[in-house]
Amino acid sequence: MVLIVDDIKANIIALKKTLELHDIDVDTAESGEEALKKILKTDYCLIIMDVQMPGLDGFEVVKILSGNKRTKDIPVIFLSALNIEKKYIFKGYETGAVEYITKPVDSDLLILKVKTFLKIYDQQRELKGIKELLSKEIIIRKEAQDNLEIKIAERTKELVLKNEELEMKNHELQQFSWVVSHDLNEPIRKIQIFIKIIKELYLADDAKAVDYVDRTIKSAERMQTLITDLLAYSRLSSQVKPEVTDLNEVLQEVLSDFDYLIERKKATIKTSELPTIDSIPSQLRQVFQNLIGNALKFSGTSQNPLIEITSELIADKSFESPVSSEGKFCRITVKDNGIGFDEIYLDRIFIIFQSLNDRQSYEGTGIGLAIAKKIIEKHNGLITAKSKLGEGASFIIILPLKYV
C-alpha cells in the first residue's frame, strides 16, 4: 500500500485516482502528524510526501522516520511545487528520501517510479523472508550437528567399551579352548591306549571282538579330529599380525604332508606359480590342507585323482574380474576330477557341521570348509566353488596381495 501525504485535499484526490487507475492500493494523510500516526499502525510499501505542510513539514517527518528502526527502510518520494531549488532537493536526499520530484509531474514517469519502488519493496520483503528461513535452517542444522556429535561421541564410547569387553571375552575363550583341548583330548588318548592294549593282549584270537575294538578306536579318532577342528575354528577369532608369505612354500609344505596319501591314491598334482602376499601363513596352510585333503578324499574310484592348483593376478576383488598383470588381487583355483556335488548345495558346504556325503563312506567332521571360508574372509578375501555331480569340483579363492 502507498501512503499519500499532502495538506491540500485536491492534490491528494488527483494523485490517488492516478495510482488507483493502475491497481495500486492507496491510503492518505493530510498532515505530517496524521501520517506518523498511520505509519506506526500500518506497513506501507512507499510514501509520497509533500514538502511544505503546516505543523511538521515533509523534511521533519522523514527525519523522524529515518531515526526509527521499524520505519527507516520505507522509501519516501518528495513531491513539491514550491521547494524546487537545489538546496531543497539536496536536503530531501539528506533526510533519507529516495526520490525528489518537482511539479508539474509527468504522471507516466511517476507511475513508473512508483511501480519500480513497489517491485523493489516486494523483492526486499521476499529476500528478508528467505534470510529468516536460512537463519532458522542454520540454527536447526547447528542443533542437529551438535546432537550428531554428541551421539557420535556416545556411540564411540559405547563401541570402545564393547571392544574392550569383546577382547576380554576372546581372551577368556582362548583360555577356555586350551583347557577344553587338554581336558577332552587327554581322556580320549587314554581310551585309545587302553583299548589297543586290550586288543593286543586279550583279544588277538577273537575276530569279532577285534572288529568291535577297531570300531571303538576309529570313533575315538573321529572325536579327537572333531575336537581339533573345533578348536582350530574357535582360534580364528584371535588377532595375528600378517606377514609376507610365499604361497609356493606354503603349498609345498602341504603337499609334503600328503605325500603318503598322494602316493597311495596314485594322484597327480599340477601346480602353477603362486604369488607372494601378505597373510597369516599357518592359516592359509590350513586352507590348502582342507581343499587338497577334500580333493583326495572325494576322488572317487573310476580314475586316478588329478588335482590342479593355478593362480592369476586380477584387477578387482571379484570372481569374474579380468586378468591383469598389474592387479592387486590374485585368483587361486583348486580343481579336481572327483565325485563333485550339486551346486544347489553350494551355500551349505561352507557352513559348520554341514556335510553333503555319507560319513560312513567319507569320514569328516563337516568343519573343514567352514574353517577355510572364515580364514579367507579374515584375509579380506572371497571363496566359492563350481561343480557338477560326478565331474569334479573347482574351489576359487580371491585374495588381496596386500593385507588391508
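Refer to the preceding data block for the structure.
Keep in mind that this is a model prediction, so the values were computed, not measured. (Residues numbered from 1 in each chain as written. Predicted model: local features only at pLDDT ≥ 70, side-chain atom pairs only at ≥ 80, totals over all residues. Heavy atoms only, no water.)

### Describing unusual backbone geometry
Alright, step 1. Positive phi, close to 60°, is recorded for D23, a residue that is not glycine.
Alright, step 2. By the secondary structure assignment, D23 is in the loop between α1 (9-20) and β2 (26-29).
Alright, step 3. In this model, K266 sits at a positive phi of 55°, which is unusual for a non-glycine residue.
Alright, step 4. By the secondary structure assignment, K266 is in the loop between α8 (259-264) and β7 (268-271).
Alright, step 5. Accessibility expressed as a relative area gives 59% for K266, which makes it exposed. (Helix = DSSP H or I, 4+ residues; strand = E, 2+ residues; numbered from the N terminus. Buried < 20%, exposed > 50% of the residue type's maximum accessible area, 1.4 Å probe, protein only.)

### A closer look at the sheet that holds β7
Alright, step 1. Pairing in this open sheet of five strands is mixed, and the strands run β7-β9-β10-β12-β11 from one edge to the other. Here the strands that pair on one side only, and so sit at the sheet edges, are β7 and β11 (382-387). If you compare each strand with its neighbour and ignore which way they point, the axes differ by 15° on average.
Alright, step 2. Of the pairings in the sheet, the one linking strand β10 (residues 329-336) to strand β12 (residues 393-400) comprises seven bridges and is antiparallel in character. Its bridge partner being in β12, F329 is matched across the sheet by P400. (Pairing = 2+ DSSP bridges. Axes fitted to C-alpha atoms, helices over the stretch in contact; angles between N-to-C directions.)

### Comments concerning helix α2 (residues 32-41)
Alright, step 1. Taken together, the buried positions of α2 are G32, A35, L36 and I39. Along the axis of α2, the buried residues cluster in a sector spanning 100°; they form a single face. Opposite the buried face of α2, at more than 90 degrees from it, the exposed residues are K37 and K41.
Alright, step 2. Where α2 is buried, its residues meet β1 (2-5), β2, β3 (46-50) and α3 (58-66). (Arc of directions from axis to C-beta. Contact = heavy atoms within 4.5 Å.)

### A look at the nonpolar core
Alright, step 1. F288, I292, I309 and F395 are the most contacted members of the largest nonpolar core, which totals 39 residues.
Alright, step 2. When residues of this core are traced back to their parent elements, those giving at least two are α7 (247-257), α9 (281-297), β9 (306-314), β10, α10 (346-349), α11 (368-378), β11 and β12.
Alright, step 3. The leading source of residues in this core is α9, at seven residues.
Alright, step 4. Beyond its immediate stretch of four places on either side in the chain, I292 contacts L251, V254, L255, F258, I307 and I309.
Alright, step 5. Formed by 21 residues, the second largest nonpolar core is a distinct cluster that contains V5, I39, V62 and Y100. (Core = buried A, V, L, I, M, F, W, Y, C linked by side-chain atoms within 4.5 Å.)

### Regarding the packing of α9 against α11
Alright, step 1. At a closest axis distance of 9 Å, the pairing of α9 and α11 adopts a crossing angle of 145°. Helix-helix and strand crossings are classified by hand; for α9 and α11 the assignment is left-handed. Along its contact with α9, which presents Q283, L284, Q286, V287, N290, L291 and N294, the element α11 presents G368, L369, I371, A372, I375, I376 and K378.
Alright, step 2. Class assignment for the residues of the contact of α9 with α11 results in eight nonpolar, five polar and one charged. (Left-handed = near helix turned anticlockwise from the far one by under 90°. Nonpolar A, V, L, I, M, F, W, Y, C, P; charged D, E, K, R; others polar.)

### So, the pairing of β9
Consecutive side chains along a regular strand alternate between the two faces of the sheet.
Alright, step 1. Pairing of β7 with β9, which is carried by four bridges, proceeds in the parallel orientation. The residue bridging K270 from the neighbouring strand is E308, located in β9.
Alright, step 2. Sheet topology places β9 next to β10; eight bridges connect them, and they run antiparallel. Counterpart to L313 in the pairing with β10 is C330.

### Let's talk about the packing of aromatic side chains
Alright, step 1. Scanning the entire structure with this criterion turns up three aromatic pairs.
Alright, step 2. When the ring of F59 is compared with that of F78, the centres are 5.3 Å apart and the planes differ by 75°; the resulting orientation is edge-to-face. Separated by 19 residues along the polypeptide, F59 in helix α3 and F78 in strand β4 (residues 76-80) bring together distant segments of the chain.
Alright, step 3. Centroid distance F78 to Y100: 5.8 Å. Interplanar angle 55°. Geometry classified as tilted. Linking F78 in strand β4 with Y100 in strand β5 (residues 99-102), this pair joins segments that are 22 residues apart in sequence. Both residues of the pair, F78 and Y100, belong to the buried class.
Alright, step 4. Taken together, the ring pairs connect F59, F78 and Y100 into an aromatic cluster. (Phe/Tyr/Trp six-rings, centres within 6.5 Å; stacked < 30°, edge-to-face > 60°.)

### A short note on a nonpolar patch on the surface
Alright, step 1. Together, I193, F194, I197, I198, L201 and Y202 make up an exposed nonpolar region whose accessible area comes to about 650 Å².
Alright, step 2. With respect to the helices, strands and loops of the structure, F194 is situated in helix α5 (residues 107-202). (Patch = residues over 30% accessible without salt bridge, like charges linked within 9 Å, V, L, I, M, F, W, Y side chains within 5 Å. Areas by Shrake-Rupley, 256 points an atom, 1.4 Å probe, with all protein chains shown as cover. Salt bridge = Lys/Arg side-chain N within 4 Å of Asp/Glu carboxyl O.)

### Here's the deal with the pattern of salt bridges
Alright, step 1. Applying the stated criterion across every chain, the model contains 14 salt bridges.
Alright, step 2. K199 serves as the salt-bridge partner of D214, at 2.7 Å between the closest nitrogen and oxygen. Separated by 15 residues along the polypeptide, D214 in helix α6 (residues 207-235) and K199 in helix α5 bring together distant segments of the chain.
Alright, step 3. In this structure D214 comes out as partly exposed when scored by relative accessible area, which is 30%.
Alright, step 4. Residue K199 is classed as partly exposed on the basis of its relative accessible area of 25%.
Alright, step 5. A salt bridge links R331 to E312; the shortest N-O distance between them is 2.9 Å. With R331 in strand β10 and E312 in strand β9, this residue pair connects regions lying 19 residues apart in the sequence.
Alright, step 6. Classification of R331 by relative accessible area gives buried; the value is 10%.
Alright, step 7. Counted as one network, the salt bridges with shared partners bring together D27, E34 and K38.

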